[in-house]
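Architecture and fold: a report
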Amino acid sequence: MTTPLLKVENLRIALAGDGVTYDAVENVSFEIGRGEAFGLVGESGCGKSITALSVMGLLRRPLSLAGGRIILDGKEIQNVSAAEMRRLRGKRIAMIFQ
Ligand SMILES: Nc1ncnc2c1ncn2[C@@H]1O[C@H](COP(=O)(O)OP(=O)(O)O)[C@@H](O)[C@H]1O
Ligand SMILES: [Mg+2]
């Protein structure tokens with residue numbers, strides 16, 4: 001079996017409110033193969049953009065990665081250093097913002 005280019009496993013994104021934390025994204029999993037075009041579809045506000053931001057390592061307060069794994073070409077990247085993430089961004093992963 002070939003390694004998927006991107007694998008998102010049980011992604012959870014927390015949204016910190018006033019003394020309460022909500023799950024903005026709850027257990028989202030998908031895989032994208034090399035050369036594959038992948039469409040993530042859903043109603044406005046369902047979490048598509050923040051899912052993409054989490055892959056880019058760009059979640060900022062009040063949003064944070066609360067669980068799951070993001071695996072780029074076989075390597076877990078959800079806990080890599082900010083410096084390593086900056087090396088990946090633009091070179092291996094990019095985002096066209098809305
Ligand atoms: N910076 C933020 N602060 C608070 N809530 C946010 C922030 N960014 C996104 N959200 C909320 O997270 C949810 C998912 O948003 P988003 O990923 O932008 O949805 P979409 O699927 O339309 O791209 C929405 O309820 C949105 O209001
Ligand atoms: Mg969006």
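As shown above, the structure is provided for reference.
Okay, so let's go over this structure.

On to helix α1 (residues 48–56). Within α1, burial applies to Ile50, Thr51, Leu53, Ser54, Val55 and Met56. The elements touched by buried residues of α1 are β1 (6–16), β2 (21–32), β3 (63–72) and α2 (82–88). Just downstream of α1, glycine 57 is the residue with a positive phi angle, here 70°.

This part is about the site of ligand 1. Near ligand 1 the following residues occur: Leu15, Glu43, Ser44, Gly45, Cys46, Gly47, Lys48, Ser49, Ile50, Pro62 and Leu63. Taking isoleucine 50, its main chain carries an N or O atom lying 2.9 Å from an oxygen atom of ligand 1. In isolation ligand 1 exposes 560 Å². Once the protein is present, 59% of that is buried. Class assignment for the residues of the shell around ligand 1 results in five nonpolar, four polar and two charged.

As a further point, take the sheet that holds β3. Pairing in this open sheet of four strands is antiparallel, and the strands run β2-β1-β3-β4 from one edge to the other. On the outer flanks of this sheet lie β2 and β4 (75–76), each paired with one strand and no other. Examined bridge by bridge, β1 and β2 share eight bridges and lie antiparallel to one another. Its bridge partner lying in β2, lysine 7 is registered against glutamate 31. Sitting on the sheet, α1 touches β1, β2 and β3, and the angle it makes with β1 is about 110°.

With respect to the helices, strands and loops of the structure, glutamine 78 is situated in the loop between β4 and α2. Of note is the side chain of glutamine 78, whose polar atom sits 3.2 Å from the backbone nitrogen of isoleucine 70. Side-chain polar atoms of glutamine 78 contact the side chain of glutamate 76, separated by 2.7 Å. Not counting chain neighbours up to four residues away, the residues in contact with glutamine 78 comprise Leu65, Gly68, Arg69 and Ile70.

Rules behind the numbers
Residues numbered from 1 in each chain as written. Chains lettered and ligands numbered in written order. Predicted model: local features only at pLDDT ≥ 70, side-chain atom pairs only at ≥ 80, totals over all residues. Heavy atoms only, no water. Buried < 20%, exposed > 50% of the residue type's maximum accessible area, 1.4 Å probe, protein only. Helix = DSSP H or I, 4+ residues; strand = E, 2+ residues; numbered from the N terminus. Contact = heavy atoms within 4.5 Å. Near = heavy atom within 4 Å. Polar contact = N/O pair within 3.5 Å; in protein donor to acceptor, adjacent residues only side chain to side chain. Areas by Shrake-Rupley, 256 points an atom, 1.4 Å probe, with all protein chains shown as cover. Nonpolar A, V, L, I, M, F, W, Y, C, P; charged D, E, K, R; others polar. Pairing = 2+ DSSP bridges. Axes fitted to C-alpha atoms, helices over the stretch in contact; angles between N-to-C directions.

Any link to function would need more than the numbers given here.
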